Structures are given as C-alpha cells and as structure tokens.
Amino acid sequence: MAAGGVAGGKTVAAEQGAWLCFEDEAGQTLRPPKARTWGRRGQTPQVAVSGKGSGRVSVAGLVCVRPGDRSRLIYRTLTHRGRKGERRSFAETDYAALLDAAHQQLGGPIVVVWDNLNTHISTAMRKLIAARDWLHVIRLPAYAPDLNPVEHVWSHVKRGLGNLIVRGIDQLVAVVENRLKRIQYRPGLLDAFFAHTGLEPP
C-alpha cells in the first residue's frame, strides 16, 4: 500500500464519520537517550549513568483526528522488569484493549492505520479486529515511518528524556507518562505532528 492507501483510509473515515487513528509503539530503557547541551570549550559534558538495574517501558499510542474535533492522543504503557519469562512487547490482547479504550473515549467508529508488525497481522489479531464492527484497519507500506504522526510523538518525548537520570523503572514510567500527558493537552502540537507527515488532514 502506498500513501494513496492512507488517503483511502481518510475516505473510509469520512464516509463513516469515523476517527482516523494512527498507531505505533516505542520503548525506553533506563539508559537515557543522547541529547545536546551546553559546555565549556574543549570539555565534553558527561552524564553519569549507574547501569544498575534493568527494565524497559513500552508505549503503544494512537494519534486520532476527525474533522470538527480536537486531535487526541491515547496511549497505554507496559512495564518490563527483567523477570524471567516476562513478555517484552505488546500482545494482541493489549492492542485490542487499547483500541477498545479508544473507541469508548472517542465515542465513534475508528479507522486504524498501523504498520506490518507481526502482532498486527497475526491470525489472533485478525480475529479480534473482525469481532469489532466499529473498527476498520489499514496497513502502512513497509518502511514508511514518515507517514505516521505517532513517530513525532516518540521523538518529542525522547528529546525530553535526554540526559535524564532515573533511579529505577518506576520513576522512568512516571516520567514517560508525564511527558505523554503534557502532549495530550496540546492538540495543536498533535496537529503539527500530523502536518509533518505531509498528509492532508481529513
């Protein structure tokens, strides 16, 4: 599917009065992402990272747009504590729960646009989608993150985590959720993320 497929999703959304929701996932470990800062000439600033502890926070998010409504960000987090046998990614049931929550919050049908992640296209996921008559799914073309506004959400959040030192996974989860909640209250920022994809708003 090319960018025209996304345009087709916009047509379906318009015909059904549905929300057009782009979905993507991201994750962050206890090691902070690199960031720019100021420092004395010839002295590279360094941030000490203990390296102790393990853990990762995964986030699945939806950027949702519909004509006449403010843009919305809906997300769910999953905490990995490094325990043996613990799942390190979202399962089909987790995605279904996210979509169910979005349907309830948005109060209308949803057209979801997401990538070809194996969990998105599995038999179990197809059955979960088929059981929801308010849900229509469109897949992005391979290697096309530039068409997904949620990528800009993750970029914005990770810039805010640059050079940040946290003491454990629970603090990291709290910081990530705080950054995401800030974005939720800025629909204009979500519109800017959508504009960066080069897609026309629905």
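Residues numbered from 1 in each chain as written. Predicted model: local features only at pLDDT ≥ 70, side-chain atom pairs only at ≥ 80, totals over all residues. Heavy atoms only, no water.

**Structural notes on the overall build of the protein**
The number of helices and strands found in the protein is seven helices and five strands. The helix and strand sequence of the protein, counted from the amino end, reads α-β-β-β-α-β-α-α-β-α-α-α. Looking at the protein as a whole, 43% of its 202 residues are labelled buried. Of the accessible surface of the protein, which amounts to about 11,500 Å², a share of 49% is contributed by carbon and sulfur atoms. (Helix = DSSP H or I, 4+ residues; strand = E, 2+ residues; numbered from the N terminus. Buried < 20%, exposed > 50% of the residue type's maximum accessible area, 1.4 Å probe, protein only. Areas by Shrake-Rupley, 256 points an atom, 1.4 Å probe, with all protein chains shown as cover.)

**A word on the sheet that holds strand β1 (residues 19-29)**
Read from one edge to the other, the open sheet built from five strands follows the order β3-β2-β1-β4-β5, with strand pairing classed as mixed. Whereas interior strands pair on both sides, the edge strands pair on one side only; in this sheet they are β3 (72-80) and β5 (135-139). Between one strand and the next, the sheet's axes are offset by a mean angle of 25°, whatever the strand orientation. For β1 and strand β2 (residues 56-65), the ladder comprises ten bridges, and the chain directions are antiparallel. Looking across to β2, one finds that Gly27 is bridged to Ser58. (Pairing = 2+ DSSP bridges. Axes fitted to C-alpha atoms, helices over the stretch in contact; angles between N-to-C directions.)

**Section: the packing of aromatic side chains**
One pass over the structure, following the stated rule, counts three aromatic pairs. Ring centres of Phe90 and Tyr95 lie 5.8 Å apart, and the angle between their planes is 40°; on these two criteria the pair is classed as tilted. The exposure classification of Phe90 matches that of Tyr95, with both residues buried. Arranged with centres 5.9 Å apart and planes meeting at 75°, the rings of Tyr95 and Trp114 form a pair that is edge-to-face. Here the residue Tyr95 occupies a position in helix α2 (residues 92-106), and Trp114 occupies one in strand β4 (residues 110-114), the gap between them amounting to 19 residues. Each member of the pair, Tyr95 together with Trp114, is buried. (Phe/Tyr/Trp six-rings, centres within 6.5 Å; stacked < 30°, edge-to-face > 60°.)

**Some words on the side chain of Glu25**
As for its placement among the helices and strands, Glu25 is situated in strand β1. Arg56 is the oppositely charged side chain nearest to the buried, salt-bridge-free Glu25, at an N-O distance of 9.0 Å. Side-chain polar atoms of Glu25 contact the side chain of Tyr95, separated by 3.2 Å. If sequence neighbours within four positions are ignored, Glu25 has contacts with Val59, Ala60, Tyr95, Asp115, Leu117, His120 and Trp154. (Lys, Arg positive; Asp, Glu negative; His and termini not counted. Salt bridge = Lys/Arg side-chain N within 4 Å of Asp/Glu carboxyl O. Polar contact = N/O pair within 3.5 Å; in protein donor to acceptor, adjacent residues only side chain to side chain. Contact = heavy atoms within 4.5 Å.)

**So, the nonpolar core**
Across soluble globular proteins, nonpolar side chains show a tendency to be buried alongside one another. Core analysis: the biggest nonpolar cluster contains 35 residues, and Leu73, Val153, Leu180 and Ile183 have the highest contact counts within it. Of all elements in the fold, only β1, β2, β3, β4, α5 (150-160), α6 (169-184) and α7 (187-196) reach the threshold of two or more residues within this core. It is α6 that provides the largest number of residues to this core, a total of seven residues. Once residues lying within four places of it in the same chain are set aside, the contact partners of Leu73 are Leu62, Val63, Val153, Leu180, Ile183, Gln184 and Leu190. (Core = buried A, V, L, I, M, F, W, Y, C linked by side-chain atoms within 4.5 Å.)

**Considering the pairing of β3**
As paired strands, β2 and β3 are joined by nine bridges and run antiparallel to one another. Bridge assignment links Val63 to a residue of β3, and that residue is Leu73. Hairpin connection between β2 and β3: a loop of six residues separates the two successive antiparallel strands, and Gly68 in this loop has a positive phi of roughly 85°.

**Description of the pattern of salt bridges**
For the coordinates displayed, the defined rule picks out three salt bridges. Across the pair Asp69 and Arg66 runs a salt bridge whose closest N-O atoms are separated by 2.9 Å. Residue classification places Arg66 among the partly exposed residues on the basis of a relative accessible area of 22%. We note a salt bridge from Arg132 to Asp100, for which the minimum N-O separation is 2.8 Å. Placement of Arg132 in the loop between α4 (123-130) and β5 and of Asp100 in helix α2 is noted, with a sequence separation of 32 residues between them. On the accessibility criterion, Arg132 (15% relative accessible area) is buried.

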